[in-house]
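Residue-level listing of the chains:
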Amino acid sequence: MEIELLEKENTPENVIQHSLAVLKKAMEIAANFDDADKDLIRKGALLHDIGRSKTHGITHAIEGVKIAEKYGYGKDVLNIIERHIGAGITEDEAVKLGLPKKSYLPETLEEKIVAHADNLVSGSEEVDIDFVIEKWKRRIPDSEDNIKRLLKLDKELIKDFE
């Protein structure tokens, strides 16, 4: 159903392939947590970038929420879409980026899993945390706080299980 929705919204094929790779990585991470809602993670992973059917800018998360809402998805899926960018965006960072003033930090286990799986996939290829850190250092001015959040998320979701 979600793949059909991505296609119906004219999501670029490379974004669909990325979403499938994020789904695979998210399910690998979720396997470490008995209490993770796997169906919610599946929906969130597949739909996290549906807003890229409208824009490739940072507002793709906001656009994605509007699209998913139109199709009747609940707040749990909408929150995954809205909070998947990086390791989350604080209220202050949101204002600087031109997003509506609010926190975009992932809160639930499912939100954190999809956000981090997205971090660990570049295009449709899995990457390691060092790759992500280097990419962020190149792309994000003053990325120290973002990298700290990324490492905290990685420790919470990955490191204890290796």
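The preceding data block contains the structure.
Residues numbered from 1 in each chain as written. Predicted model: local features only at pLDDT ≥ 70, side-chain atom pairs only at ≥ 80, totals over all residues. Heavy atoms only, no water.

J.: Outline the overall build of the chain, listing residues and values.
T.: Helix and strand counts for the chain stand at nine helices and two strands. When its helices and strands are written in sequence order, the chain yields α-α-α-α-α-α-α-β-β-α-α. For the chain, the C-alpha radius of gyration of 15 Å lies close to 15 Å, the compact-globule estimate for 162 residues. Put simply, the chain has 162 residues, and 51% of those count as buried. Residue pairs in contact within the chain that sit at least 24 positions apart in sequence constitute 61% of those at least 6 positions apart. Entry remark: accessible area of the chain is about 8300 Å², with carbon and sulfur atoms responsible for 50%. (Helix = DSSP H or I, 4+ residues; strand = E, 2+ residues; numbered from the N terminus. Rg over C-alpha atoms; globule rule 2.2 N^0.38 Å. Buried < 20%, exposed > 50% of the residue type's maximum accessible area, 1.4 Å probe, protein only. Contact = heavy atoms within 4.5 Å. Areas by Shrake-Rupley, 256 points an atom, 1.4 Å probe, with all protein chains shown as cover.)

J.: Any details on the packing of helix 3 (residues 38-47) against helix 7 (residues 109-119)? Residues and values, ideally.
T.: Packing of helix 3 against helix 7 leaves a shortest axis separation of 10 Å and a crossing angle of 40 degrees. As summarised for this structure, helix 3 and helix 7 are arranged oblique, according to the angle between their axes. Two packed elements cross with a definite hand, and for helix 3 against helix 7 that hand is right-handed. Across from Leu 40, Ile 41, Gly 44 and Ala 45 in helix 3, the residues of helix 7 making contact are Glu 110, Ile 113 and Val 114. When its residues are assigned to classes, the contact of helix 3 with helix 7 shows five nonpolar, one polar and one charged. (Axes fitted to C-alpha atoms, helices over the stretch in contact; angles between N-to-C directions. Parallel < 35°, antiparallel > 145°, perpendicular 65-115°, else oblique. Left-handed = near helix turned anticlockwise from the far one by under 90°. Nonpolar A, V, L, I, M, F, W, Y, C, P; charged D, E, K, R; others polar.)

J.: Can you tell me about helix 2 (residues 13-30), naming the residues and giving the values?
T.: Under the 1.5 Å per step criterion, the end-to-end length of helix 2 is 25 Å for 18 residues, consistent within 8% with the ideal 26 Å. Buried residues of helix 2: Val 15, Ile 16, His 18, Ser 19, Ala 21, Val 22, Leu 23, Lys 25, Ala 26, Ile 29 and Ala 30, and no others. Tucked into the core, helix 2 has its buried residues touching helix 1 (2-8), helix 3, helix 7, strand 1 (121-122), strand 2 (125-126) and helix 9 (144-157). (Expected span 1.5 Å × (residues − 1).)

J.: Break down the packing of helix 3 against helix 5 (residues 75-82) for me, with residues and values.
T.: Put simply, helix 3 and helix 5 touch, their axes get as near as 9 Å, and they point 45 degrees apart. Relative to helix 5, helix 3 is oriented oblique. For the crossing formed where helix 3 meets helix 5, the hand is right-handed. Contacts from Leu 40, Lys 43, Gly 44 and Leu 47 of helix 3 reach helix 5 at Asp 76, Val 77, Ile 80 and Ile 81.

J.: Give me the nonpolar core: which residues, what numbers.
T.: In terms of nonpolar packing, the biggest core is built from 42 residues, with Leu 47, Ile 113 and Leu 157 touching the most fellow members. Going through the elements one at a time, helix 1, helix 2, helix 3, helix 4 (60-70), helix 5, helix 7, helix 8 (129-139) and helix 9 are the ones with two or more residues in this core. Looking at which element gives the most residues to this core, the answer is helix 2, with seven residues. In this structure, Leu 47 is in contact with Glu 2, Leu 5, Leu 6, Tyr 73, Val 77 and Ile 81, ignoring residues within four places of it in sequence. (Core = buried A, V, L, I, M, F, W, Y, C linked by side-chain atoms within 4.5 Å.)

J.: Please provide a residue-by-residue account of the pattern of salt bridges, values included.
T.: Under the counting rule described, the total for this entry stands at 17 salt bridges. Among the salt bridges present, the one from Glu 93 reaches Arg 149, with a minimum N-O distance of 2.7 Å. Placement of the pair is Glu 93 in helix 6 (residues 91-97) and Arg 149 in helix 9, with a sequence separation of 56 residues. For Lys 137, the salt bridge identified is with Glu 134, shortest N-O distance 3.7 Å. A residue pair is termed a helical-turn pair when its members lie 3 or 4 positions apart in one helix, as Lys 137 and Glu 134 do in helix 8 at three residues. Using a relative accessible area of 40% as the deciding quantity, one classes Glu 134 as partly exposed. (Salt bridge = Lys/Arg side-chain N within 4 Å of Asp/Glu carboxyl O.)

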